[in-house]
Amino acid sequence: MTDTIRVQPGIMDIALYVSGESTLKGRDDVLKLSSNENPYGPSPRAMAAFAAAAGQLHRYPATDHAGLRAAIGAVHGLDPDRIICGVGSDEVLQFIAQAFAGPGDEAITTEHGFSMYPILAHAVGATPVEVPERARVVDVDAILAAVTDRTRLVFIANPANPTGTMIPDADLRRLAQGLPGTVVLVLDGAYAEFAAGYDGGVSLVDAHPNVIMTRTFSKIHGLGGLRIGWGYAQRSVIDVLNRIRQPFNLSNAQLDAAEAAMRDVAYTRHCATENARWRDWLRAALVQMGIGCDESHANFILARFASPEEADGADAALRADGILVRKVAGYKLPDCLRITVGDEAACRRIVGVLAAFKGVR
Ligand SMILES: Cc1ncc(COP(=O)(O)O)c(C=O)c1O
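Residues numbered from 1 in each chain as written. Predicted model: local features only at pLDDT ≥ 70, side-chain atom pairs only at ≥ 80, totals over all residues. Heavy atoms only, no water.

Trainee: What am I meant to see in the overall build of the protein here?
Mentor: In terms of helices and strands, the protein carries 12 helices and 13 strands. Its C-alpha radius of gyration of 21 Å places the protein within 12% of the 21 Å reference for a compact globule of 361 residues. For the C-alpha atoms alone, the extent of the protein along its principal axes is close to 60 × 55 × 50 Å. By residue count, 53% of the 361 residues in the protein fall in the buried class. In the protein, of all internal contacts separated by at least 6 residues, the share reaching a separation of at least 24 is 74%. Working note: accessible area of the protein is about 15,900 Å², and carbon and sulfur atoms make up 53% of it. Within the protein, the 41 negative side-chain charges are centred at a point lying 3 Å from the centre of the 35 positive side-chain charges. (Helix = DSSP H or I, 4+ residues; strand = E, 2+ residues; numbered from the N terminus. Rg over C-alpha atoms; globule rule 2.2 N^0.38 Å. Buried < 20%, exposed > 50% of the residue type's maximum accessible area, 1.4 Å probe, protein only. Contact = heavy atoms within 4.5 Å. Areas by Shrake-Rupley, 256 points an atom, 1.4 Å probe, with all protein chains shown as cover. Lys, Arg positive; Asp, Glu negative; His and termini not counted. Charge placed at Lys NZ, Arg CZ, Asp CG, Glu CD.)

Below is the structure:
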């Protein structure tokens, strides 16, 4: 018998992540609304910082990310010593899974939860345990009921992707209070800046040593292509995560561009305002033509059709017009399409195509 290499437990259970499509064969005018990107792009200051970093490509970057952490701390009113930065928030989520779960452990995810969570659990040999949501909203009681002696992690995005819904404040507090201190509650705030008046869970992190918040530069800051995210937790937790972070995980270009983006508060506010305006306009227009939409607190809308067939038909009509949105059957939402909120022209184009599809115009 020949010896073979052995894959670690869980890894072959991973279903490969499917990202939003970006091209349509034969078209060079594609409108990409499939990955929740910022339609206004990054801050001009971030682009200038990125360009300026070109002259430093031969230099290793800082290992402590002090400049970026200071900027995040100043803008969000947080202690920089309690912040960790990673290659997208995906990497910070990976640090968390690696640090706190392993074979035999369980990680709770929810019915329509972000698809990276089970991937991260499997990657460390842990078992993802999926609990039902209530009408596309994370159900705190279902989570609490699913906790066992083996539970180590709970992954929640608030606002959630792909539903765009939020957990009511009181429920979120109840969840943080109700979980055993041995269970890490991950509050993924990738879309927190789009939710009016929401701090991403900072107060819960401050109150509970087992709560960690993750954030990203990929959405509101328009830097998805550059890959930068961050996490906020109590100092002892950040100390754990830093032990598994590669010293040079972020390049000078990433650090400088992210710092400039963070400090350009006026630009961030502008993006949030425009998003809210066109998100609400788009939702109202879709609802008026008979397409169901929960209130979204993010930079996308989950459009609910009468059936999976109608959702497929709408997707085909959009593609015929060069518009790419996200099919979400893989998120147990086969009758829905997730549509990123674009700029005014993009929103009007979407509405025009869907109105024609529904025969309402
Ligand atoms: C809920 C949620 N969390 C995390 C991420 C990861 O973002 P990034 O790694 O770009 O920071 C995404 C990206 O789409 C997301 O939707």
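Trainee: Which parts of the structure should I look at to understand the sheet that holds strand S7 (residues 211–216)?
Mentor: Sheets are built from strands paired through backbone hydrogen bonds, the pairs being either parallel or antiparallel. The strand order across the open sheet built from seven strands is S2-S8-S7-S6-S5-S3-S4, with neighbouring strands paired in mixed fashion. Across the chains shown, the open sheet's two edge strands, defined by having one partner strand only, are strand S2 (83–86) and strand S4 (127–131). The mean inter-strand angle of the sheet, taken between neighbouring strand axes irrespective of direction, is 25°. Here strand S3 (residues 106–110) runs beside S4; their pairing, made up of five bridges, is parallel. (Pairing = 2+ DSSP bridges. Axes fitted to C-alpha atoms, helices over the stretch in contact; angles between N-to-C directions.)

Trainee: What am I meant to see in the packing of helix H2 (residues 66–76) against helix H9 (residues 252–263) here?
Mentor: Between two packed helices, the angle of one axis relative to the other and the distance separating the axes together describe the packing. Across the interface, H2 lies against H9 with an axial gap of 9 Å and an inter-helix angle of 15°. On the basis of the axis angle, H2 is roughly parallel to H9. For the pair H2 and H9, the sense of crossing is left-handed. Contact residues: H2 offers Gly67, Leu68, Ala70, Ala71, Ile72, Ala74, Val75 and His76, while H9 offers Leu255, Ala258, Glu259, Met262 and Arg263. Residues of the contact of H2 with H9, tallied by class, amount to nine nonpolar, two polar and two charged. (Parallel < 35°, antiparallel > 145°, perpendicular 65-115°, else oblique. Left-handed = near helix turned anticlockwise from the far one by under 90°. Nonpolar A, V, L, I, M, F, W, Y, C, P; charged D, E, K, R; others polar.)

Trainee: So what exactly am I meant to see when it comes to unusual backbone geometry here?
Mentor: Negative phi is the rule for most residues except glycine; trans is the rule for most peptide bonds. Cis peptide bonds are those with omega within 30 degrees of zero, and the linkage from Asn158 to Pro159 qualifies with -5°. One can find Pro159 in the loop between strand S5 (151–157) and helix H6 (169–178). Geometrically, the link from Asn161 to Pro162 is a cis peptide bond, its omega value of 15° lying close to zero. With respect to the secondary-structure elements, Pro162 resides in the loop between S5 and H6. Positive phi, normally seen in glycine, also occurs at His65, with a value near 55°. Residue position: His65 is located in the loop between helix H1 (44–52) and H2.

Trainee: Would you mind going over a nonpolar patch on the surface with me for this structure?
Mentor: On the surface, Val7, Ile11 and Met12 cluster together to form a nonpolar patch covering roughly 290 Å² of accessible area. Residue position: Ile11 is located in the segment before strand S1 (31–32). The class of Ile11 is partly exposed, set by a relative accessible area of 34%. (Patch = residues over 30% accessible without salt bridge, like charges linked within 9 Å, V, L, I, M, F, W, Y side chains within 5 Å. Salt bridge = Lys/Arg side-chain N within 4 Å of Asp/Glu carboxyl O.)

Trainee: Explain the site of the ligand here, please?
Mentor: Around the ligand there are 13 residues in total, and Ser89, Asp188, Thr216, Ser218 and Arg227 lie nearest to it. Here Asp90 contributes a backbone N or O atom positioned 3.0 Å from an oxygen atom of the ligand. Within the contact set of the ligand, an oxygen atom lies 2.7 Å away from a side-chain nitrogen or oxygen of Tyr191. Contact with the protein chains covers 93% of the free accessible surface of the ligand, which is 400 Å². Among the elements that make up the shell around the ligand, the one with the highest residue count is helix H3 (residues 88–100) (three residues). (Near = heavy atom within 4 Å. Polar contact = N/O pair within 3.5 Å; in protein donor to acceptor, adjacent residues only side chain to side chain.)

Trainee: Sorry, what's going on with the nonpolar core here?
Mentor: A general feature of soluble globular proteins is that nonpolar side chains tend to end up buried together. Among the nonpolar cores identified, the biggest contains 45 residues, and Leu185, Phe217 and Trp230 are the most heavily contacted of them. Top element by residues in this core is H9. It accounts for five residues. One finds Met116, Tyr117, Val186 and Val237 within the second-largest nonpolar core, a separate group that totals 31 residues. (Core = buried A, V, L, I, M, F, W, Y, C linked by side-chain atoms within 4.5 Å.)

Trainee: Would you mind showing me how to read H6 here?
Mentor: Since one α-helical turn is 3.6 residues long, residues separated by three or four positions face the same way. All of the buried residues in H6 are Leu172, Leu175 and Ala176. One face of H6 carries all of its buried residues, which in axial projection span an arc of 95°. Close packing links the buried residues of H6 with helix H5 (140–146), S5, strand S6 (184–188), helix H7 (202–207) and S7. (Arc of directions from axis to C-beta.)

Nothing here speaks to function; it is geometry throughout.
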